[in-house]
Amino acid sequence: MHFDGKAILVTGASRGIGREIAKAFAARGARVALHYRCELEAAETTRNMLTGEGHIIAQADLADPAAVKRMVDEVVERMGRIDVLVNNAGIYEELPLPEATYDEWAAYFPRVLGVNLYGAANATYCAAKYMMNQGGGRIVNISSRGAFRGEPDAPAYGASKAGLNSLGQSLAKLLAPHKIFIGTVAPGFVETDMAAERLAQPDGADILRQSPLGRVAKPEEVAHVAVFLASEGAEFTTGAIVDVNGASYLRS
Ligand SMILES: NC(=O)c1ccc[n+]([C@@H]2O[C@H](COP(=O)([O-])OP(=O)(O)OC[C@H]3O[C@@H](n4cnc5c(N)ncnc54)[C@H](OP(=O)(O)O)[C@@H]3O)[C@@H](O)[C@H]2O)c1
């Protein structure tokens, strides 16, 4: 899988899965735009880890539609084009219904969907417009097993990822004639900041046992699939949602 000179925008590349996705594309010859929200130093650390040249850093709060547009425009201006968008940035927040006030509940859904779904939808819009003009491109969405299995303690998170799955599938149909191909990765737990607190709880060992491999995923295992979905030759996977959950949850 080669991406020589291709321009890749990875959202949430300051750490975790996004950092590994950026490293995986750079290792295959790509120029990577590393998006972050507030951790500039962490984004710079990611850039220092990348092989090759031409990598840039771009800031935006994905909950702000104007910031998303400004960020994608800036990336295209500085890189000359955009070949791949990876919608990776996301937030995980728990709010079990029995413990929530109505005000908390009503604020919770727009807050989580605002980043995980609307942020990705807006970045997709902006990138797809450029891709249509340049003759094609790839979009990879990082979803979650929770979209299928349910997230009883984090229902807005589950809903945001189910929405992301549907968004990817709808646009895979719409944009295929424009040679824009869309793939989705649905990981179970992954060794990152996002999962660290959950894995540190007393039932953390039970989480490891959800997979017959007795562990959670490494971020590079998610990156491997993201790169594959964006690669030359994977066009006919468009619309697919690929599980990366170590057989912890098998859907039919
Ligand atoms: N870890 C897991 O167990 C797991 C499982 C399934 C799916 N996923 C999905 O995989 C993706 C990456 O997760 P991760 O574990 O790598 O997460 P992470 O370590 O918590 O990193 C989250 C990234 O998203 C960025 N981000 C957060 N809120 C943002 C906002 N409002 N605007 C712009 N950027 C924002 C962060 O930027 P800053 O560093 O600047 O804050 C950071 O780069 C997410 O979509 C997540 O839902 C993760």
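Scroll up a little and you will see the structure.
Residues numbered from 1 in each chain as written. Predicted model: local features only at pLDDT ≥ 70, side-chain atom pairs only at ≥ 80, totals over all residues. Heavy atoms only, no water.

Undergrad: When you look at the overall build of the protein chain in this model, what are you seeing that I'm missing?
TA: If you tally the helices and strands in the protein chain, you get nine helices and seven strands. Here the C-alpha coordinates of the protein chain stretch approximately 50 × 40 × 40 Å along the principal axes. Among the 252 residues that make up the protein chain, the fraction classed as buried is 48%. Within the protein chain, contacts between residues separated by at least 24 positions form 72% of all contacts whose residues are at least 6 apart in sequence. Within the structure as shown, the protein chain displays about 11800 Å² of accessible surface, and the carbon and sulfur contribution to it stands at 53%. When the 25 basic and 29 acidic side-chain charges of the protein chain are each reduced to a single mean position, those positions are 7 Å apart. (Helix = DSSP H or I, 4+ residues; strand = E, 2+ residues; numbered from the N terminus. Buried < 20%, exposed > 50% of the residue type's maximum accessible area, 1.4 Å probe, protein only. Contact = heavy atoms within 4.5 Å. Areas by Shrake-Rupley, 256 points an atom, 1.4 Å probe, with all protein chains shown as cover. Lys, Arg positive; Asp, Glu negative; His and termini not counted. Charge placed at Lys NZ, Arg CZ, Asp CG, Glu CD.)

Undergrad: Quick question: what am I supposed to make of unusual backbone geometry here?
TA: The bulk of non-glycine residues show a negative phi, and the bulk of peptide bonds are trans. Even without a glycine there, the phi angle at Lys179 is positive, about 60°. One non-glycine residue, Ala247, lies in the positive phi region at around 60°. Relative to the helices and strands, Ala247 resides in the segment after strand S7 (241-244).

Undergrad: Hey, could you run me through the packing of helix H3 (residues 65-79) against helix H4 (residues 102-134) in this one?
TA: If you want to describe how two helices pack, look at the angle between their axes and the distance between the axes. Interhelical geometry of H3 versus H4 gives an angle of 35° and a closest axis separation of 9 Å. Helix-helix and strand crossings are classified by hand; for H3 and H4 the assignment is right-handed. On H4, the residues that touch Pro65, Val68, Lys69, Val72, Asp73 and Val76 of H3 are Gly119, Asn122, Ala123, Cys126, Ala127 and Tyr130. Across the contact of H3 with H4, the residue classes break down as eight nonpolar, two polar and two charged. (Axes fitted to C-alpha atoms, helices over the stretch in contact; angles between N-to-C directions. Left-handed = near helix turned anticlockwise from the far one by under 90°. Nonpolar A, V, L, I, M, F, W, Y, C, P; charged D, E, K, R; others polar.)

Undergrad: How should I be thinking about the nonpolar core in this particular structure?
TA: In this structure, Leu9, Met71, Val75, Ile82, Leu85 and Met131 are the most contacted members of the largest nonpolar core, which totals 40 residues. Within the residue set of this core, elements represented by two or more residues are strand S1 (7-10), strand S3 (56-59), H3, H4, helix H6 (155-175) and strand S6 (180-187). Of all the elements, H4 adds the most residues to this core, at eleven residues. When near neighbours in sequence (up to four residues on either side) are disregarded, Leu9 contacts Ala33, His35, Met71, Val72, Val75, Ile82, Val84, Leu85 and Val86. Within the second largest apolar cluster, 32 residues are counted, among which are Ala22, Phe25, Val32 and Ala43. (Core = buried A, V, L, I, M, F, W, Y, C linked by side-chain atoms within 4.5 Å.)

Undergrad: How do you make sense of the sheet that holds strand S5 (residues 137-142) when you look at a structure like this?
TA: Within a sheet, neighbouring strands are paired by backbone hydrogen bonds and run either parallel or antiparallel to one another. With parallel pairing, seven strands are arranged side by side in an open sheet as S3-S2-S1-S4-S5-S6-S7. Both edges of this open sheet fall to S3 and S7, since each of them pairs with a single strand only. In this sheet, adjacent strand axes meet at a mean angle of 20° when their direction is disregarded. The sheet contact formed by S6 and S7 spans four bridges and is parallel. Opposite Ala186, over in S7, you have Asp243 as the bridge partner. Running at roughly 160° to strand S2 (residues 31-36), helix H2 (residues 40-49) makes contact with S2 and S3 of the sheet. The strands that H3 touches are S1, S2 and S3; relative to S3, the one it contacts most, it runs at about 160°. (Pairing = 2+ DSSP bridges.)

Undergrad: Would you explain the side chain of Asn116 in this entry?
TA: Among the secondary structure elements, Asn116 is positioned in helix H4. A polar atom in the side chain of Asn116 sits 2.8 Å from the backbone nitrogen of Ile91. Here Asn116 is in contact with Ala89, Gly90, Ile91, Tyr157, Ser160, Lys161 and Leu164, once residues within four sequence places are set aside. (Polar contact = N/O pair within 3.5 Å; in protein donor to acceptor, adjacent residues only side chain to side chain.)

Undergrad: I tried to follow the site of the ligand on my own but got confused; where do I start?
TA: In the neighbourhood of the ligand, 32 residues make up the surrounding shell, with Ser14, Arg15, Asn88, Tyr157 and Thr192 lying closest. The separation between an oxygen atom of the ligand and a polar side-chain atom of Arg15 is 2.7 Å. Note that an oxygen atom of the ligand is positioned 2.6 Å from one of the side-chain N or O atoms of Tyr157. The protein chains hide 97% of the 900 Å² of surface that the ligand would expose on its own. Elements with a contribution of two residues or more to the shell around the ligand: helix H1 (16-27), S2, H6 and helix H7 (193-200). It is H7 that provides the largest number of residues to the shell around the ligand, a total of three residues. (Near = heavy atom within 4 Å.)

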